[in-house]
Amino acid sequence: MKYILNKDYRLRGWTDHLSCVEHYPTRELRDISSREYGLLSRCDGKTDVDTVRYGEAIGKFTKLGVISQTEGAQLDPVQAFRFYENRLFRNADICVTGCCDFRCRHCFNASDNEYSRGTQPTAEKLIELIAKLESCGICNITLSGGEPLLHKDFLGITEELRKRDMHFQRLVTNLYHMTPEIADTLISQGHRPLISTSFDGLGAHEWLRQKEGSEKRTLDMISMMKQKGFRVRAHCCAWKDSLPVIRDSVLRLKELGVDEFRIVNIEPSLRWRQNAGDQAVSITEWLEFICGLIDWWYENKIDMSLDVWWFWQWTAGSKYVNIVPDGHCHYDIENKIPICADGYNTPYIDSDGRLLLCNATSGYSKAMGWEWGNAFTDDLQSLLREGQFIKFCSRTVRQMKELHPECMNCEWVKHCQFGCRAEAVAYGGDFSSPDIRMCAFFKDGYYKRFKKIADKYGLMYDGK
């Protein structure tokens, strides 16, 4: 009897996930056993399948819609098993340009920053990179910068993603250079990425961004992108003088139909310390502020998803909240949890090709001379299989804690996930340093206060 993989399914493998079946429309993967691979590899429309030996698997995958019985159908070659000689990655963040015409007071890419990494790779180099990423089995792409819309061939790059049928997942942009024509071209290419844009508060935005007219332009372009059917995430940086306008700003973004609101206390980078004056918000001040903001959010039934970066993640309409620093329910497998989930899942490739954990680490790594390989000049599969980037990403929460006796002796050791690596560098000077925000969060009682807020509004969280 002959069977065939249904057209939406493909067989794939990586060095750490040897056999998977991929549902191509959603790019979701399912690990399969060696016996299940034995069946699915025979489902090519021309090979007789032993229905006794594979009977259980046939029933399972028929019910799931992965295979069907056939007479004479032929398998599309793209569905056949393909093995990638690197660790499993599905996402990548490409900095298409380090150039930006804003002078943001905290950003390494600011146009007035003498240390700006304002390089801009050619379209040819970026297209070659996209091909490399595809050859690693990466299918979901974020385009960021700098300001990606300043790349003269931005739409040529997105067209390359279309040609390769790669998912343009997210566009990180200040929206200043967005136009209806660019939005329409993206739609015509089959792209509707999440638009992740900065908005730092009514009457406050331009103080941080130092670009005249940028507040109105951002709000106008958010409105335009929503009208064209794009999802929008507003990313809000916070400092002392901006805190009083945050709530009114949230209400304005809600009126515009913004889908997600992310807020972050600006980390104490060298540039921010030079430009902030007395505007930096201390860790305790920040935790006090966000306790009030979160309570206000649910009291006023704000129907946008809320991400207080590294502390509170909630999807609009959900009854579940992720209190981010708390990993106690995973304590028994701490030796398997990567220290940087972002880097472990979504490598960041800087505009000069350097492979990094995220955008926030780009300036530090360049200033400190840290090198983990270059995606433009090195073999990318090797970098994503056994290079320095993989060695760091493979470090676990448990291993990092063991480097710090004070952490292992802490009463909160079974809860704390050790924090963010970019914040660790900002506060401690090294990727292996503890993120001291976590110390304040647990030791000063904010974890308990977060749980009380969740309980007040009937939200479920780990350990409840």
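The following paragraphs examine the structure supplied in this document. Predicted model, so just to flag it, every value in this text is computed and none were measured.

**Comments concerning the overall build of the protein**
Check the secondary structure of the protein and you find 19 helices and 18 strands. Against the 2.2 N^0.38 benchmark of 23 Å for 464 residues, the protein shows a C-alpha radius of gyration of 24 Å, consistent with a compact globule. Buried residues in the protein amount to 53% of all 464 residues. Residue pairs in contact within the protein that sit at least 24 positions apart in sequence constitute 71% of those at least 6 positions apart.

**A word on helix H19 (residues 446-456)**
For an α-helix, the turn length of 3.6 residues means that residues three or four places apart are oriented alike. Those residues of H19 that fall on the buried side of the exposure criterion are Tyr446, Tyr447, Phe450, Ile453 and Ala454. With its buried residues spanning 120 degrees around the axis, H19 presents them on a single face. In H19, those exposed residues whose orientation departs by more than 90 degrees from the buried face are Lys448, Lys452 and Lys456. Those residues of H19 hidden inside the fold are in contact with helix H10 (283-299), strand E15 (312-314), strand E16 (321-323) and helix H18 (436-443). Looking one or two residues beyond H19, the residue adopting positive phi is glycine 458, at roughly 70 degrees.

**Quick notes on the pairing of strand E9 (residues 140-145)**
Extensive coverage of E9 is indicated by the burial of 6 of its 6 residues. Neither face of E9 is exposed, since Asn140, Thr142 and Ser144 on one face and Ile141, Leu143 and Gly145 on the opposite face are all buried. Here strand E8 (residues 91-97) runs beside E9; their pairing, made up of 6 bridges, is parallel. The partner of alanine 92 across the bridge, within E9, is isoleucine 141. Between E9 and its parallel partner strand E10 (residues 167-172), the chain crosses via helix H4 (residues 154-163), and the hand of that crossover is right-handed.

**Side note on the nonpolar core**
Formed by 118 residues in total, the largest nonpolar core has its most connected members in Phe261 and Trp312. In terms of residue count, the dominant contributor to this core is H10 (11 residues). Not counting residues within four places of it along the chain, the set of residues in contact with tryptophan 312 comprises Ile294, Tyr298, Leu306, Asp307, Val321, Asn322, Ile323, Val324, Phe450, Ile453, Ala454 and Leu459. By size, the runner-up hydrophobic cluster in this structure holds 16 residues, among which are Val21, Cys43, Tyr54 and Phe61.

Criteria and cut-off values
Residues numbered from 1 in each chain as written. Predicted model: local features only at pLDDT ≥ 70, side-chain atom pairs only at ≥ 80, totals over all residues. Heavy atoms only, no water. Helix = DSSP H or I, 4+ residues; strand = E, 2+ residues; numbered from the N terminus. Rg over C-alpha atoms; globule rule 2.2 N^0.38 Å. Buried < 20%, exposed > 50% of the residue type's maximum accessible area, 1.4 Å probe, protein only. Contact = heavy atoms within 4.5 Å. Arc of directions from axis to C-beta. Pairing = 2+ DSSP bridges. Right-handed = clockwise from strand over helix to strand, strands pointing away. Core = buried A, V, L, I, M, F, W, Y, C linked by side-chain atoms within 4.5 Å.

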